[in-house]
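Residue-level structural notes
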Amino acid sequence: AGIAANWKYAGKARVAEGEHGMVASSSPIASEVGRDILKAGGNAVDAAVATGFALAVVHPEAGNIGGGGFMLIRMHDGTMRALDYRETAPAKATHDMYLDDKGQPIPQKSTKGALASGIPGSVAGMLEAHHKYGKLPLAQGLEPAIRLARDGWVVDSFHARALASGVRGAAAYSTPAAVAGFMVNGAAPTPGALLKEPDMARTLEAIRDHGRDGFYKGWVAKAIADEERRDGGIITETDLAGYQPKWREPIKIAYRGYTIWSMPPASSGGPTLAMMLNIMEGFGTLPPFGSTALMHREVETMRRAFTDRNRFLGDPDFEKLPMLASMESKA
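All figures in this text were calculated on a predicted structure; none of them were measured in a lab. (Residues numbered from 1 in each chain as written. Predicted model: local features only at pLDDT ≥ 70, side-chain atom pairs only at ≥ 80, totals over all residues. Heavy atoms only, no water.)

**Structural notes on helix α4 (residues 138-151)**
- Taking 1.5 Å as the rise per residue, α4 with 14 residues should run 20 Å; its terminal C-alpha atoms sit 20 Å apart, in good agreement.
- At P144, α4 is bent by approximately 30°, the largest bend along its length.
- Buried residues along α4 sit against α1 (28-39), α2 (44-58), α3 (122-133), β3 (153-154), β4 (194-195) and α7 (198-210).
- One or two steps after α4, the chain reaches G152, where phi turns positive at roughly 100°. (Helix = DSSP H or I, 4+ residues; strand = E, 2+ residues; numbered from the N terminus. Expected span 1.5 Å × (residues − 1). Bend = angle between axes of the 7 residues up to and from the residue. Contact = heavy atoms within 4.5 Å.)

**Structural notes on the nonpolar core**
- Core analysis: the largest hydrophobic core is formed by 49 residues, its most contacted members being F53, V57, I65, V123, W153, L204 and I207.
- Ranked by residue count, the leading element in this core is α2, at 10 residues.
- Among residues more than four places away in sequence, those in contact with I65 are F53, A56, P120, S122, V123, M200, T203, L204, I207 and F215.
- Counting residues in each nonpolar core, the second largest holds 7 residues, with I251, Y255, L277 and L294 among its members. (Core = buried A, V, L, I, M, F, W, Y, C linked by side-chain atoms within 4.5 Å. Buried < 20%, exposed > 50% of the residue type's maximum accessible area, 1.4 Å probe, protein only.)

**A word on the side chain of T203**
- Within the secondary structure layout, T203 lies in helix α7.
- Judged by relative accessible area, which is 12%, T203 ranks as buried.
- Discounting residues that sit within four places of it in the chain, T203 has contacts with I65, F215, W219 and V220.

This is the structure:
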C-alpha cells in the first residue's frame, strides 16, 4: 500500500518471520550461528556475540575483530542500553598527523594503512556485553567461529568479490603475511573455494581461553603491535591493554507515533537520524513510497542533516556538543 506502481522493487521484498527471535547479518553462515545459539537457550546478546565473532571469519572486510562498533540492547522490561566499543586513537596520535607541511590533508593517509587504524574495540565490546547480559558460556558462543576459521568455510560469489577487492587494496599497504591469510593457493578465493583461517582460529581460541586478556595482552597483542611497527603504525601493546568500551545513554526518537531508539555520540547515527525524521515529520502526509517526490524530500532532508552532522558532532569524551539537543529537537 502506498508504493508507487512503477517502482522497480515493488513486490520483490522477501518476508521472514520468527515466533521467538530472529538473526540477521551480512552472511547466512553467521546468521545460522546466531540462530543456533538462540535454539540452544541463549538470549539475544548471546546470539549477537556469537554472530559477531562468526562474521569476523566469514565477512572479514566488515565484521572483523580488528575494528569496533556499537550495540543497542532492549531488556525484557523495555529498558534500553547502549554500548560504545568504537575504535579509539593511539596515545601517539597527534592533531596534524594526516596533514602535510602546508596543512593540507594527505590523500588516503587517514584511511589506508597501519597509521589509519585505531585501537580495536570489537572484542572488548562483545565480551563486555556478554559478561553483563549473556546466559550461555562464552566458549559456547565462540566455538562456531573457531570451527569455521579452523576447518574453513565455502566462499560465495558476494564474499569472493569482496575478498578479491580487499586483497588487491591491502597488498598496496600491508605486509604479504597479512594479505596471505585471506588467500587460497596464493590468490583471492573464487566462489566455491574453501577458505581456512588458522591464525584467526588461534586468536579466537586465545579469547575463549583468556577472555579480553587473550586479545589485548599476550601474544595476540604483541603480534598486533609488531605488525603496526612494521607497517608504520603507532598502536602499542600499552594502547591495547588500556582499551575500554563505554556504556552510554541511548537516544530516544519520536516519529509519527512510533518510538525509535538509536546510538548517541560518539556515533553520529542517532542524532543524524533524529534530525532527518523530525524534518520529515514536519512535511505532514508524505508522497507514496518509492516515488520521485518522496526521494527528493529524503535527499534534501539528508543533505541538511549530514551538513550538521559533519559540522557539530564529535566524540563526547573530548568535545562539547552544544548543538546536539538542537539536532534531536522537533523545534
